[in-house]
Amino acid sequence: NASFCQSSFSVCKWDGVSKECHHISGYNPLQQGLLAASLITGAAMGAVFAGWAVNKFGRLSVLKFVVSVPTLLGIIVEAVLWQQQQQEGETTLASSDSATFLCIIVNRVLFLGVAVGAVCVTAPLLSSETVQPQQRSKVGVVFQLLVTTGLFFCSVMLFVIEIRPDSELENGGDPPSRSQLLA
């Protein structure tokens, strides 16, 4: 249907057999940005909170309770949302239901983001205080090295699985030109 492809050209997958444009399920760029920003916002809040919490409760207590509880709650909330969408026939967490998307955003700010921020403050502090003085510089680098390696791995995976125009064609069909879609 040309009108569908015209209104959502950026999220269209061309099927060479049926000569139709099909909607790609997933998040649009705005939703992806909101998801990333919500986790970063939660991490900033968690880092500020962890600075106070490590002084009040201790480094190990913060890692045991302040980090583990929000992480577990966040995982449970994501699992419940995923299960709910499976029952409704959706195949991914990407849904047009704005209430579900809002729940995901809130979960990533309050639970998962706070836990990430608290870990980034507490883990280096704890390791620098519990490691032998002659080993501190080596152990201090490990945390940042692992974070950087994880970010690199995620970037490589996004590059590998990203849908590119040359991989969208099925069965060798030619995609429509923009003028054909607008006709």
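1. Re the overall build of the protein chain
Move 1: For the protein chain, the helix and strand inventory stands at 6 helices and 2 strands.
Move 2: Across the protein chain, helices and strands are ordered from the amino to the carboxyl terminus as α-β-β-α-α-α-α-α.
Move 3: Looking at the 183 residues of the protein chain, the share that counts as buried comes to 26%.
Move 4: Within the protein chain, contacts between residues at least 6 apart in sequence are counted, and of these 70% link residues at least 24 apart.
Move 5: About 11,900 Å² of surface is accessible on the protein chain, with carbon and sulfur atoms providing 67% of the total.

2. What to know about helix H4 (residues 98-130)
Move 1: Compared with an ideal rise of 1.5 Å per residue, which puts 33 residues at 48 Å, H4 spans 46 Å between its outermost C-alpha atoms and is within 8% of the ideal.
Move 2: Of all the bends found along H4, the most pronounced is centred on Arg108 and spans about 40 degrees.

3. Side note on the nonpolar core
Move 1: In this structure, Leu35, Leu81, Phe101, Ile104 and Ile105 together form the largest nonpolar core, which totals 5 residues.
Move 2: With 3 residues, H4 is the single largest residue contributor to this core.

4. Digging into the packing of H4 against helix H5 (residues 136-161)
Move 1: Running from amino to carboxyl end, H4 crosses H5 at an angle of 165 degrees, the nearest separation of the two axes being 9 Å. One way to sum up the angle between H4 and H5 is to call them roughly antiparallel. Relative to H5, the crossing made by H4 is right-handed. Packed against H4, whose contacting residues are Val119, Cys120, Ala123, Pro124, Ser127, Ser128 and Glu129, the element H5 presents Arg136, Val139 and Phe143 at the interface.
Move 2: When its residues are assigned to classes, the contact of H4 with H5 shows 6 nonpolar, 2 polar and 2 charged.

5. What to know about the environment of Phe111
Move 1: Here Phe111 is to be found in helix H4.
Move 2: Accessibility expressed as a relative area gives 26% for Phe111, which makes it partly exposed.
Move 3: Here the alpha-carbon distance between Phe111 and Leu39, two residues 72 residues apart in the chain, equals 9.1 Å.
Move 4: With residues up to four places along the chain from it excluded, the contact list for Phe111 reads Pro70, Leu73, Gly74, Val77 and Val106.

6. Let's talk about the confidence of the model for the protein chain
Move 1: Per-residue confidence for the protein chain gives a mean pLDDT of 76, with 69% of residues at or over 70.
Move 2: Looking over the protein chain, one finds the lowest element-wise mean pLDDT in helix H1 (residues 2-7), namely 39, and the highest in helix H2 (residues 29-57), namely 90.
Move 3: Per-residue pLDDT stays below 50 along residues 1-10; that stretch engages in 12 contacts with residues further than four places along the chain or on separate chains.

7. So, the packing of aromatic side chains
Move 1: Counted according to the given criterion, the structure contains 2 aromatic pairs.
Move 2: Note on Phe49 and Trp52: the rings are 5.7 Å apart at their centroids and 45 degrees apart in plane angle, and the pair reads as tilted. In this pair, Phe49 and Trp52 are both assigned in helix H2, 3 residues apart and thus about one turn of the helix distant.
Move 3: The partly exposed category is assigned to Phe49, whose relative accessible area is 34%.
Move 4: For Trp52, a relative accessible area of 46% puts it in the partly exposed group.
Move 5: Summarising the aromatic geometry, the rings of Trp52 and Phe57 are spaced 5.8 Å apart at their centres and angled 90 degrees between planes, so their arrangement reads as edge-to-face.
Move 6: Of the residues examined, Phe57 reaches a relative accessible area of 47% and is grouped as partly exposed.

8. Topic: a nonpolar patch on the surface
Move 1: A surface patch of nonpolar side chains, amounting to about 850 Å² of accessible area, comprises Phe152, Phe153, Val156, Met157, Leu158, Phe159, Val160 and Ile161.
Move 2: Mapping Met157 onto the fold places it in helix H5.
Move 3: Residue classification places Met157 among the partly exposed residues on the basis of a relative accessible area of 34%.

9. Focus: H2
Move 1: With 29 residues, H2 ought to run about 42 Å at 1.5 Å a step, and its terminal C-alpha atoms sit 40 Å apart, in line with that.
Move 2: Maximum bend of H2: about 30 degrees, positioned at Ala50.
Move 3: The complete set of buried residues in H2 reads Gln31, Leu35, Ser38, Gly42, Ala43, Gly46, Ala50, Ala53 and Val54.
Move 4: At the exit of H2 stands Gly58, carrying a positive phi of roughly 100 degrees.

Criteria and thresholds
- Residues numbered from 1 in each chain as written.
- Predicted model: local features only at pLDDT ≥ 70, side-chain atom pairs only at ≥ 80, totals over all residues.
- Heavy atoms only, no water.
- Helix = DSSP H or I, 4+ residues; strand = E, 2+ residues; numbered from the N terminus.
- Buried < 20%, exposed > 50% of the residue type's maximum accessible area, 1.4 Å probe, protein only.
- Contact = heavy atoms within 4.5 Å.
- Areas by Shrake-Rupley, 256 points an atom, 1.4 Å probe, with all protein chains shown as cover.
- Expected span 1.5 Å × (residues − 1).
- Bend = angle between axes of the 7 residues up to and from the residue.
- Core = buried A, V, L, I, M, F, W, Y, C linked by side-chain atoms within 4.5 Å.
- Axes fitted to C-alpha atoms, helices over the stretch in contact; angles between N-to-C directions.
- Parallel < 35°, antiparallel > 145°, perpendicular 65-115°, else oblique.
- Left-handed = near helix turned anticlockwise from the far one by under 90°.
- Nonpolar A, V, L, I, M, F, W, Y, C, P; charged D, E, K, R; others polar.
- pLDDT = per-residue confidence, 0-100.
- Phe/Tyr/Trp six-rings, centres within 6.5 Å; stacked < 30°, edge-to-face > 60°.
- Patch = residues over 30% accessible without salt bridge, like charges linked within 9 Å, V, L, I, M, F, W, Y side chains within 5 Å.
- Salt bridge = Lys/Arg side-chain N within 4 Å of Asp/Glu carboxyl O.

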